[in-house]
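# Topology and contacts: notes
Next come the chains, spelled out residue by residue.
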Amino acid sequence: MALMRCDFHSEALGVSTSMTVILPQRTSSQIGMTGSAGQGAPPVLYLLHGLSDDDTIWLRRTSIERYVAPLGLAVVMPQAGRSFYTDEEHGNRYWTFLSTELPRVCHEFFRLSARREDTFVAGLSMGGYGAVKWALRDPGRFAAAASLSGALDVVNRRHHPTAPLDPDVWHTVFGERAAIGSDDDTVALLDRVPAADRPALYVACGTEDFLYDDNLTFVAAARERGVPLTVDFSPGTHDWAYWDAKIQDVLAWLPLRTGD
């Protein structure tokens, strides 16, 4: 695998930012690991971080580079602050950066497949929310999306009785605008994607996680609407031991094409 930290200027944000990128490499002489790469442009997974993290965190807390080496899969891990992957009411345009600018600059910088069937998104916690929101708002881009311990009912967390979102974060991201029913509401977005256009969805959350109820709400809403999804609710909490294990399940679940 080729690993790089890419620092670049974002027009959407108006500042320099960064992403961590893993690119597939065919290798046979590495001790303990074999790398794979197809003949064409590789499939790509956009992998999103959580509220307290940055673009380096998946590499630092899991063995994501080792996990994807035999898959021939590129991984793009962008920096998004504490934005909930949203055009912030009192901050910056992180949704525009993520959904429009990031894919464009990635395809300018790197050789990546542009086919929907080769494009995926996943994330944890805030990033799980971002992954599902991105896939439902732009279903023509993604074949599959996965959420690990996602904040999938975030619009109801402003006044949550036991684990409300930090008021300062809420003010910066959403301000006083009505988030419920908006394009930032993942439950509402389920009604806006035609059945034929829906990407495959994977939802995993530990049963001891403080976001477990959010995931129950989202899964129930999806099932009421006949949205097919893979659900993995099993013992676990909001920590890297859980996410390191579950990202391996996500990689095994992705509908990666073979033979290219």
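Everything below is about the structure printed above this text.
First, a word on scope: everything that follows refers to the structure included in this document.

Quick notes on the rules
- Residues numbered from 1 in each chain as written.
- Predicted model: local features only at pLDDT ≥ 70, side-chain atom pairs only at ≥ 80, totals over all residues.
- Heavy atoms only, no water.
- Helix = DSSP H or I, 4+ residues; strand = E, 2+ residues; numbered from the N terminus.
- Rg over C-alpha atoms; globule rule 2.2 N^0.38 Å.
- Contact = heavy atoms within 4.5 Å.
- Areas by Shrake-Rupley, 256 points an atom, 1.4 Å probe, with all protein chains shown as cover.
- Lys, Arg positive; Asp, Glu negative; His and termini not counted.
- Charge placed at Lys NZ, Arg CZ, Asp CG, Glu CD.
- Phe/Tyr/Trp six-rings, centres within 6.5 Å; stacked < 30°, edge-to-face > 60°.
- Lys NZ or Arg CZ within 6 Å of the ring centre and 35° of its normal.
- Salt bridge = Lys/Arg side-chain N within 4 Å of Asp/Glu carboxyl O.
- Buried < 20%, exposed > 50% of the residue type's maximum accessible area, 1.4 Å probe, protein only.
- Core = buried A, V, L, I, M, F, W, Y, C linked by side-chain atoms within 4.5 Å.
- Axes fitted to C-alpha atoms, helices over the stretch in contact; angles between N-to-C directions.
- Left-handed = near helix turned anticlockwise from the far one by under 90°.
- Nonpolar A, V, L, I, M, F, W, Y, C, P; charged D, E, K, R; others polar.
- Pairing = 2+ DSSP bridges.

## What to know about the overall build of the protein
Broken down by element type, the protein carries eight helices and eight strands. Relative to its length of 260 residues, the protein is compact, with a C-alpha radius of gyration of 18 Å against a globular reference of 18 Å. When the backbone C-alpha atoms are referred to their principal axes, the protein occupies close to 55 × 40 × 35 Å. At a minimum sequence separation of 6, the contacts of the protein that also span at least 24 residues come to 72%. Carbon together with sulfur atoms contributes 50% to the accessible area of the protein, which is approximately 10900 Å² in total. Counting 23 positive and 33 negative side-chain charges, the protein places the averaged centre of each group 4 Å from the other.

## Things to note about the packing of aromatic side chains
Between two aromatic rings, the relevant description is the distance of the centres plus the angle of the planes. Taken as a whole, this structure holds twelve aromatic pairs when the rule is applied. Between Phe 84 and Tyr 129, the ring centres sit 5.8 Å apart and the planes meet at 65°, which makes this aromatic pair edge-to-face. Of this pair, Phe 84 sits in the loop between strand S4 (74-78) and helix H3 (94-109) while Tyr 129 is found in helix H4 (residues 126-137), placing the two residues 45 residues apart along the sequence. An aromatic cluster is defined as three or more aromatic residues linked by ring pairs; in this entry it consists of Phe 8, Phe 97, Phe 109 and Phe 110. The ring of Trp 95 is capped by Arg 137, whose NZ or CZ atom sits 4.0 Å from the centre of that ring.

## Topic: the pattern of salt bridges
By the definition in use, this model includes 19 salt bridges. In this structure, Asp 184 engages Lys 133 in a salt bridge whose closest nitrogen and oxygen atoms are separated by 3.0 Å. One end of the pair, Asp 184, is in the loop between helix H5 (167-173) and helix H6 (186-189); the other, Lys 133, is in helix H4, and 51 residues separate them in sequence. Comparing Asp 184 with Lys 133 shows no difference in burial state: the two are buried. Using a relative accessible area of 8% as the deciding quantity, one classes Asp 184 as buried.

## A short note on the nonpolar core
Counting 57 residues, the largest nonpolar core has Met 19, Tyr 46, Phe 84, Val 121 and Phe 218 as the members making the most contacts within it. The residues contacting Val 121, other than those within four sequence positions of it, are Leu 45, Tyr 46, Leu 48, Ala 131, Trp 134, Ala 135, Phe 142, Ala 144, Ala 145 and Ala 146.

## Description of the packing of H3 against H4
Running from amino to carboxyl end, H3 crosses H4 at an angle of 65°, the nearest separation of the two axes being 11 Å. The chirality of how H3 crosses H4 is right-handed. Together, Trp 95, Leu 98, Ser 99 and Pro 103 of H3 and Lys 133, Trp 134 and Arg 137 of H4 make up the contact between the two elements. Across the contact of H3 with H4, the residue classes tally to four nonpolar, one polar and two charged.

## Some remarks on the pairing of strand S1 (residues 2-10)
In this structure, S1 lies alongside strand S2 (residues 15-23), joined through nine bridges in antiparallel fashion. Of the residues in S2, the one forming a bridge with Ala 2 is Leu 23. Turn length for the S1-S2 hairpin, with the two strands adjacent in sequence and antiparallel, is four residues, and the turn residue Gly 14 shows positive phi of about 75°.

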